[in-house]
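Single-letter residue listing:
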Amino acid sequence: MLRPSHALAALLAVSVPTTGFAAASPQSFKGEYTVSFLGLSVARATFSSRYDGDNYAINGTVSAAGIAKLFDDTKGTISSQGTISGQQMRPQAFRADYTSGKKASVVDIRFAKGDVASTKVVPEPGKRDPKSWVPVGDGDLRSVLDPMAATVIHADSLDKVCGRTVKFYDGEMRANLSLTYASKGSISVPGFKGDTVTCKMGFEPVAGYRKGRKALEFLKNKSRIMVTFAPVGQSGVYAPIRATVGTQIGPLTISARRFEAVE
């Protein structure tokens, strides 16, 4: 299995309702999601975001649910803040605090001019085997997005949402998420009814991982990851409203229970 920070980051990478535009007046958005595995509910997430001029702030909670609570009672809070430059999110700070049973963990990332300035992970990762570990270099941490900002897609239309690669950093792993067009459709959930576009997502670990790790090899070479995006109001920004991730033992599904702009 992925370590908790990677599992949390994987959830965030396809489930955070965000937008990214310089709003003329403050605007707020809200999304509620359920995560199911083999048809059983395993987690819930709620996120709220606020955009005021060129500044954004996103806060969320993630918790185990259903049968998953019998094995891993994980709860977490997540926050991200930064600025918006043109059509680019520029994160300034990302923090995830979560507990699994009695074990508490923290991931804290600070940015400067689009690059990672510092990373704090508690507890600190153990000693790595240099023969199998792919270290993160300074060049890997330039122009990257945190797990929340990585979900933002700026596009002129649904036709232009896919066809891009996102540079993603979760505090330990650097990975590329590539989006290619799959199909168009429509969806109706509380707060939203309208057209959507589905992209196939490719996952490529770049650094900060152990070579030969079966879970990562599966995600890279065999997993079928599909993400459906919906427009956030009239902003020209698109956010995930549904996603499916193939794992070694079955599909993981993330679905919006609510997806709406808040007046």
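For clarity, every value in this text was computed on a predicted model and none was experimentally measured. (Residues numbered from 1 in each chain as written. Predicted model: local features only at pLDDT ≥ 70, side-chain atom pairs only at ≥ 80, totals over all residues. Heavy atoms only, no water.)

**Some thoughts on the state of the cysteines**
- For the structure on display, the rule yields one disulfide.
- Here Cys 162 is linked by a disulfide to Cys 199, with a sulfur-sulfur distance of 1.9 Å. Classification of the bridge connecting Cys 162 and Cys 199 rests on its S-S torsion, roughly -85°, and on that basis the disulfide is left-handed. Pair noted here: Cys 162 is in the loop between strand 9 (153-154) and strand 10 (164-169) and Cys 199 is in strand 12 (residues 192-207), with a separation of 37 residues, a long-range link. (Disulfide = S-S within 2.5 Å. Helix = DSSP H or I, 4+ residues; strand = E, 2+ residues; numbered from the N terminus.)

**Comments concerning the confidence of the model for the chain**
- Confidence along the chain averages 83 in pLDDT terms, with 85% of residues attaining 70 or more.
- Of all helices and strands in the chain, the one with the weakest mean pLDDT is helix 1 (residues 4-13) (44), whereas strand 8 (residues 133-134) scores best (96).
- When the criterion is pLDDT under 50, residues 1-24 qualifies, and its contacts beyond four places in sequence or with other chains add up to 94 contacts. (pLDDT = per-residue confidence, 0-100. Contact = heavy atoms within 4.5 Å.)

**Some points on helix 2 (residues 214-221)**
- Of the residues making up helix 2, those classed as buried are Ala 215, Leu 216, Phe 218 and Leu 219. All buried residues of helix 2 fall inside an arc of 160° around its axis, so they share one side. Opposite its buried face, helix 2 presents the exposed residues Lys 214 and Asn 221, each directed more than 90 degrees away. (Buried < 20%, exposed > 50% of the residue type's maximum accessible area, 1.4 Å probe, protein only. Arc of directions from axis to C-beta.)

**Structural notes on the pairing of strand 12**
- In terms of strand pairing, strand 11 (residues 174-189) meets strand 12 through 15 bridges, oriented antiparallel. If you follow Leu 177 over to strand 12, its bridge partner there is Phe 203.
- If you look at the hairpin formed by strand 11 and strand 12, you'll find two residues sitting between the two strands, and Gly 191 has a positive phi there, around 100°.
- Pairing geometry for strand 12 and strand 14 (residues 225-231), over five bridges, is antiparallel. Bridged to Met 201 within strand 14 is Ile 225. (Pairing = 2+ DSSP bridges.)

**Re the environment of Arg 142**
- Topologically, Arg 142 is positioned in the loop between strand 8 and strand 9.
- Linking Arg 142 and Lys 113, residues 29 residues apart in sequence, is a C-alpha distance of 9.1 Å.
- With residues up to four places along the chain from it excluded, the contact list for Arg 142 reads Gly 114, Asp 115 and Lys 167.

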